Amino acid sequence: SEWAETKRYLPPSVTSLPGYFRFDVNPYMREIVDCFGAESPVREVALMKGVQVTATTAVLENAIGYAIEHVKTAPVLMVTADGDLAQIRMEAYVRPMIAHSGLGHLIRSSDATNNRKTGNTDAKLEWIGGGFLLPMGAQNANKMRSFSAQYVLRDEIDGWPLVVGKDGDPIQLTADRAAAYEASRKIGDFSTPGLAGSSKIKRRFDLGDQRYYFVPCLACGHMQRLRWTHTDEHGVISGMVWELDADGILIQDSVRYLCEACQHPHTNDDKTRMMDPANGAEWRPTAKTIHPYFRSYHLSALYSPVGMQTW
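Residues numbered from 1 in each chain as written. Predicted model: local features only at pLDDT ≥ 70, side-chain atom pairs only at ≥ 80, totals over all residues. Heavy atoms only, no water.

Asker: What is the right way to read empty space enclosed by the protein from this model?
Answerer: Empty space left among the atoms is revealed by rolling a probe the size of a water molecule over them. The tally for this structure, following the rule as stated, stands at one cavity of 30 Å³ or more. Arg-8, Tyr-9, Leu-10, Pro-11, Val-14, Glu-61, Tyr-93, Pro-96 and Met-97 together form the lining of the largest cavity. If you list the elements that add at least two residues to the lining of the largest cavity, you get strand 1 (9–10) and helix 4 (83–100). Considering every element that reaches the lining of the largest cavity, the biggest residue donor is helix 4, with three residues. Residue classes in the lining of the largest cavity are distributed as seven nonpolar, no polar and two charged. (1 Å grid on protein atoms, 1.4 Å probe; cavity = no way out; pocket = protein on both sides within 12 Å on 5 of 7 lines; lining within 4 Å. Points joined across faces, edges and corners; volume = space filled by probe spheres on them. Helix = DSSP H or I, 4+ residues; strand = E, 2+ residues; numbered from the N terminus. Nonpolar A, V, L, I, M, F, W, Y, C, P; charged D, E, K, R; others polar.)

Asker: Got a minute to help me understand the layout of surface pockets in this structure?
Answerer: In this structure, the largest pocket occupies an estimated 520 Å³ of space. Along its surface, the largest pocket is lined by 26 residues, and Val-14, Gln-52, Thr-54, Thr-57 and Met-308 are the ones closest to its centre. Within the residue set of the lining of the largest pocket, elements represented by two or more residues are helix 3 (55–71) and helix 4. If you tally residues by element for the lining of the largest pocket, the top one is helix 3, at four residues. Looking at the lining of the largest pocket residue by residue, the class counts come to twelve nonpolar, eight polar and six charged. If you go around the second largest pocket, you meet 13 residues; those closest to its centre are Ser-1, Glu-2, Trp-3, Asp-34 and Tyr-66. Put simply, the parts of the chain that give the lining of the second largest pocket at least two residues each are helix 1 (2–7), helix 2 (29–34) and helix 3.

Asker: It is not clear to me how the packing of aromatic side chains should be interpreted in this structure. Could you clarify?
Answerer: Note on aromatic pairs: each is described by the distance of the centres and the angle between the planes. Overall, the coordinates contain twelve aromatic pairs when judged by the stated rule. Here Tyr-257 and Trp-311 contribute two aromatic rings whose centre-to-centre distance is 5.7 Å and whose plane-to-plane angle is 35°, an arrangement assigned as tilted. Separated by 54 residues along the polypeptide, Tyr-257 in strand 15 (residues 256–258) and Trp-311 in the segment after strand 18 (294–299) bring together distant segments of the chain. Here the two residues Tyr-257 and Trp-311 agree in accessibility, since each one is buried. The rings of Tyr-28, Tyr-213, Trp-283, Tyr-297 and Tyr-303 are connected pair by pair, giving a single aromatic cluster. Cation over ring: Arg-225 sits above Tyr-212, and NZ or CZ is 4.0 Å from the ring centre. In this structure, Arg-284 is placed above the aromatic ring of Phe-214, and the distance from its NZ or CZ to the ring centre is 4.8 Å. (Phe/Tyr/Trp six-rings, centres within 6.5 Å; stacked < 30°, edge-to-face > 60°. Buried < 20%, exposed > 50% of the residue type's maximum accessible area, 1.4 Å probe, protein only. Lys NZ or Arg CZ within 6 Å of the ring centre and 35° of its normal.)

Asker: What's the story with helix 4 in this structure? I'm lost.
Answerer: Residue pairs spaced three or four apart in an α-helix point in one direction, given the helix's 3.6 residues per turn. Spanning 18 residues, helix 4 covers 25 Å between terminal C-alpha atoms, matching the ideal 26 Å at 1.5 Å per step. Largest kink in helix 4: about 40°, centred on Met-90. Among the residues of helix 4, those classed as buried are Ala-86, Arg-89, Met-90, Val-94, Pro-96, Met-97 and Ile-98. Those residues of helix 4 hidden inside the fold are in contact with helix 3, strand 4 (75–80), strand 7 (125–126), strand 8 (132–137) and strand 9 (151–155). (Expected span 1.5 Å × (residues − 1). Bend = angle between axes of the 7 residues up to and from the residue. Contact = heavy atoms within 4.5 Å.)

Asker: In this structure, what is going on with the side chain of Lys-49? I would like to understand it.
Answerer: Counting through the fold element by element, Lys-49 comes out in strand 3 (residues 44–49). A relative accessible area of 8% places Lys-49 in the buried class. Looking at Lys-49, its side chain comes within polar contact range of the side chain of Glu-156, at 3.0 Å. If near-sequence neighbours (up to four positions away) are discounted, Lys-49 is found in contact with Ala-55, Glu-156, Phe-190, Ser-191, Thr-192, Pro-193 and Leu-299. (Polar contact = N/O pair within 3.5 Å; in protein donor to acceptor, adjacent residues only side chain to side chain.)

Asker: What is the right way to look at the confidence of the model for the chain in this model?
Answerer: Low pLDDT marks stretches whose predicted atomic positions should not be read closely. Taken over all residues, the pLDDT of the chain has a mean of 91, while the share at 70 or more is 94%. Ignoring residues within four places in sequence, the model shows residues 111–117, a span with pLDDT below 50, making five contacts including any to other chains. (pLDDT = per-residue confidence, 0-100.)

Asker: Looking at this structure, I do not really get a nonpolar patch on the surface. What am I missing?
Answerer: A contiguous nonpolar surface patch, about 430 Å² in accessible area, is contributed by Trp-228, Trp-242, Leu-244 and Leu-250. Residue classification places Leu-250 among the partly exposed positions, given a relative accessible area of 35%. (Patch = residues over 30% accessible without salt bridge, like charges linked within 9 Å, V, L, I, M, F, W, Y side chains within 5 Å. Areas by Shrake-Rupley, 256 points an atom, 1.4 Å probe, with all protein chains shown as cover. Salt bridge = Lys/Arg side-chain N within 4 Å of Asp/Glu carboxyl O.)

Asker: Honestly, the environment of Leu-17 in this entry has me stumped. Any pointers?
Answerer: Residue position: Leu-17 is located in the loop between strand 1 and strand 2 (19–20). Using a relative accessible area of 31% as the deciding quantity, one classes Leu-17 as partly exposed. Separated by 289 residues in the primary sequence, Leu-17 and Val-306 have C-alpha atoms spaced 10.0 Å apart. When near neighbours in sequence (up to four residues on either side) are disregarded, Leu-17 contacts Leu-10, Val-25, Val-306 and Met-308.

Asker: Quick question: what am I supposed to make of the sheet that holds strand 15 here?
Answerer: Hydrogen bonds between backbone groups are what pair the strands of a sheet, and the pairing can be parallel or antiparallel. In spatial order, the strands read 13-14-15-16; together these four strands make up an open sheet with antiparallel pairing. What marks the edges here is a single partner per strand, and that holds for strand 13 (229–231) and strand 16 (265–266). Of the strand pairs in this sheet, strand 13 and strand 14 (residues 237–241) are connected by three bridges, and their pairing is antiparallel. What sits directly across from His-230, in strand 14, is Ser-238. (Pairing = 2+ DSSP bridges.)

Asker: What am I meant to see in the packing of helix 3 against helix 4 here?
Answerer: To characterise two packed helices, one gives the angle between the axes of the helices and the distance between these axes. Where helix 3 meets helix 4, the closest approach of the two axes is 10 Å, and the angle between their N-to-C directions is 55°. Considering their axes alone, helix 3 and helix 4 lie oblique with respect to each other. Where helix 3 crosses over helix 4, the two elements pack in a sense that is right-handed. Two secondary-structure elements touch here, helix 3 through Thr-56, Leu-60, Glu-61, Asn-62, Ile-64, Gly-65 and Ile-68 and helix 4 through Arg-89, Tyr-93, Val-94, Met-97 and Ile-98. (Axes fitted to C-alpha atoms, helices over the stretch in contact; angles between N-to-C directions. Parallel < 35°, antiparallel > 145°, perpendicular 65-115°, else oblique. Left-handed = near helix turned anticlockwise from the far one by under 90°.)

This is the structure:
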């Protein structure tokens, strides 16, 4: 997170909130991205997320930038649902991040002696220090067998196939790529969940310590995680409430979030203060993880920063 706030610049082409990266927009992402720091003992992270919570920008891309400038020697495997999507992410997000964050001088360029590109191609990005980024699609699992990676970043895994030809489960195949880095590996899973019962990210989330971001009520201070709706043992309903007009159309100004303790109504603009760690907001584990170096996080679209997706 320190690297991100020091070096990262977001151009208007990649975000509705351009400018230098700051975690006051999405403070819940600081703990997650710090799991990918070299000093963190965390080895695996699963983030089950809603849309517009800045996960790709704040975690996946920042982890790549950090690996380029600070880890330097790390092989990084970025796997998405298919190869075309992996290339789109490279061209639309990763390369602009490198350019706007002052990392271009670290990227290996064309080899003038034989007139071919050695480190900066569509298929592979290499940088000074020996590390590289390899973007791939999950359906190309057979091509991964030749690579080992310290960082394995797996994006939108609920869109991955269950099996790939005769090669088996791509989740296991990609995890195997980090076996040579047992003491320093970083495996990250990021996805919006699909159907209940078959969601890969839900299974990964359940294996971890199941962290939720608890925020305070601005009236009574009660700490709670944001939920679409919740009914307590006394039948009191909290969460999202709204009104419709005579034609069944949403009355925009009526949308509120009710505290589960005192029923105080919060507006969308209140999210910034609610999610601020200075006011007590924090991640809390709610389960026992499968192993102590595996953290899992749940973040619904209700946490989308002000200026992005609204309540």
